[in-house]
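Structural description and commentary
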Amino acid sequence: MKKARPFNFSAGPAALPEEVLQQAAAEMLDWQGSGMSVMEMSHRGREFISIYEAAEADLRELLAVPREFRILFMQGGGLAENAIVPLNLSGLKPGGKVDVVVSGSWSKKSAAEARRYADVSIAADGAASQYRSLPGNWQLRRDAAYVHICSNETIDGVEFHELPDLKALGSDAPLVVDCSSQQLSRTIDWSRVGLAFGGAQKNIGPAGLTLVFVREELLGHALPICPSAFDYKTVAEAQSMYNTPPTYGIYIAGLVFQWLKRFSYAGKTGVAAIEQRNIDKAKLLYAALDGSALYENRVAADCRSRMNIPFYLREERLNEAFLAGAKERSLLQLKGHKSVGGMRASIYNAMPLEGVQALVDYLKDFEASHG
Ligand SMILES: *Cc1c(COP(=O)(O)O)cnc(C)c1O
């Protein structure tokens, strides 16, 4: 029998469904009788266009993306979008004002980058809680061009379980969401979104592909200094083919979308099914951490991430032994981000319930032998 693959808890680039990797391997030298690898195809050829169109249609169906949104397949990752967004949207209103809610490391970076192009104000900052809860009491400017949030802070493990309703907060600015580590893990309330972006390498496919969901009405306001290849209007008008898109990344993402369409769990299918499994996985892991005397997760209960679960061993001297023991059990990449230390288990869509159960079993066994 073939040896099972290890469980990979990497925060990104992260695990992909094994079925997807196997299909990609089988099609590597010859995609569906074309005689070519997908990597070798013209992005303007019939074969690749069919891959691209299916991927876009499947994604639109999975997330129920309304018609008024364009889906762009770009390059540059989440960090490049931190510049591309203000280059495209800060000119929506005179004054180029951008309000940013800082809920952790990633939104802090977004604010710093946007400052290079726009008049940035921090609408709220979770620093006082050490980013263990979402900041309240937002100070939104009436004439802001847009408001930026990060819907899941990958390093701090803090997640918005509901997107803010800016209108109810007295703002008519569009909401921009960095959903890099959250996209496709749950359904989205598009009525609250102006633009959402995310790198693919957390939940969707290989690094190098960035997805942007943008309301049509927000296109066409780019600053003159915006590079043409990053002008959303130019990209949208060219069906994401103004320049060569990350073709292999789009192909793998397309296979992930097909996998998700087939996916069923607890009597549900597609994104509803994966969301339910993500809820169950997170519950299982948080319960094990909360029930232990050795481990702790420090995030407030109402905004704990379903995707990235940072935790600490109360005795730091055990960190190395913990990681070595995990590796022996084929539980990989549990080391926390260097800026915060400790451990982090990222349990994206591709992580099965059995993987989280194996981690929970290990947590208990390690505590029993070292507690
Ligand atoms: C990973 C991540 C990024 C950075 O993405 P890159 O592709 O490395 O640029 C930005 N925001 C969030 C929330 C992330 O998780």
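Residues numbered from 1 in each chain as written. Predicted model: local features only at pLDDT ≥ 70, side-chain atom pairs only at ≥ 80, totals over all residues. Heavy atoms only, no water.

Regarding the UniProt feature "binding site: pyridoxal 5'-phosphate" (unreviewed entry) in the protein
The criterion, for reference: UniProt positions are given in the numbering used here, feature names are shortened, and annotations may be inferred rather than shown by experiment. Starting at the N terminus, helices and strands are each numbered in turn, a helix being any DSSP run of H or I of at least four residues and a strand any DSSP run of E of at least two. Contacts are assigned to residue pairs with any non-hydrogen atoms lying within 4.5 Å of each other.
Following the UniProt record, the feature "binding site: pyridoxal 5'-phosphate" (unreviewed entry) maps to Trp 106, Thr 154, Asp 178, Gln 201, Asn 243 and Thr 244 here. A maximum C-alpha distance of 29.8 Å among these annotated residues, which run over 139 residues, shows that they spread across the structure rather than meeting at one spot. As for its position among the elements, Thr 154 is in the loop between β6 (152–153) and β7 (158–159). In this structure Thr 154 touches Ala 11, Trp 106, Ser 181, Lys 202, Asn 308, Arg 344 and Tyr 348, once residues within four positions along its chain are discounted. Along the chain, Asn 243 turns up in the loop between α5 (232–237) and α6 (247–262). In this view, Asn 243 contacts His 43 and Ala 229; residues no more than four positions away in its chain are not counted.

Structural notes on the nonpolar core
Rules: Within this scheme, the nonpolar core is defined by two criteria: the residues are buried Ala, Val, Leu, Ile, Met, Phe, Trp, Tyr or Cys, and they are joined through side-chain atoms within 4.5 Å. Only protein chains enter the accessibility calculation, which uses a 1.4 Å probe; a residue whose area is less than 20% of its type maximum is buried, one above 50% is exposed, and one in between is partly exposed. Each domain span listed reflects an automatic or database assignment of domains.
One finds Leu 59, Phe 213 and Tyr 251 to be the most contacted residues of the largest nonpolar core, which totals 55 residues. The element that contributes the greatest number of residues to this core is α6, accounting for ten residues. Both of domain 1 (23–260) and domain 2 (264–370) provide at least three residues apiece to this core. For Tyr 251, the residues in contact, after removing those within four places along its chain, are Gln 23, Ala 24, Glu 27, Trp 31, Val 38 and Ile 51.

A look at the layout of surface pockets
How we decide: In this analysis a 1.4 Å probe is tested at points of a 1 Å grid over the protein atoms alone, and where it fits but cannot get out there is a cavity; an open set with protein on both sides within 12 Å along at least five of seven lines is a pocket; lining residues have an atom within 4 Å of a point. Grid points are joined across faces, edges and corners, and a volume is the space filled by probe spheres set on the points. Three classes are used, and their members are as follows: Ala, Val, Leu, Ile, Met, Phe, Trp, Tyr, Cys and Pro are nonpolar, Asp, Glu, Lys and Arg are charged, and the others, Gly among them, are polar.
Taken as a whole, the largest pocket encloses approximately 420 Å³ of empty space. At the level of secondary structure, the elements contributing two or more residues to the lining of the largest pocket comprise β1 (7–8) and α1 (18–26). At three residues, α1 tops the list of elements feeding residues into the lining of the largest pocket. Across the lining of the largest pocket, the residue classes break down as eleven nonpolar, one polar and four charged.

Section: the domain arrangement of the protein
Accessible area lost upon the coming together of the parts serves often as the stated size of an interface. Stated formally: Accessible-area loss on putting two parts together, using a 1.4 Å probe and summing over both, is the definition of buried area adopted here. Any carboxyl oxygen of Asp or Glu that lies within 4 Å of a side-chain nitrogen of Lys or Arg is treated as forming a salt bridge with it.
When its domains are assigned, the protein resolves into domain 1 (23–260) and domain 2 (264–370). Spacing between the C-alpha centres of domain 1 and domain 2 amounts to 27 Å. Taken together, the 22 residues of domain 1 in the interface contact 24 residues of domain 2. Taken together, both faces of the contact between domain 1 and domain 2 bury some 2000 Å²; the carbon and sulfur share is 55%. Put simply, domain 1 and domain 2 have zero salt bridges between them. Of all the elements in the fold, those that place two or more residues in the side of domain 1 that touches domain 2 are β7 and α6. The class makeup of the residues in the side of domain 1 that touches domain 2 is eight nonpolar, nine polar and five charged.

A word on the pairing of strand β4 (residues 119–125)
For clarity, the threshold we go by: Here a strand pair is declared whenever DSSP counts at least two bridges between the two strands. Convention used here: a crossover is right-handed provided that the path from the first strand, over the helix, to the second strand proceeds clockwise when the strands point away from the viewer.
Both strand β3 (residues 97–102) and β4 contribute to a ladder of six bridges, which runs parallel. Bridging across to β4, Val 101 finds its partner in Ala 124. Where the polypeptide runs from β3 across helix α4 (residues 105–114) and back to β4, its parallel neighbour, the crossover connection is right-handed.

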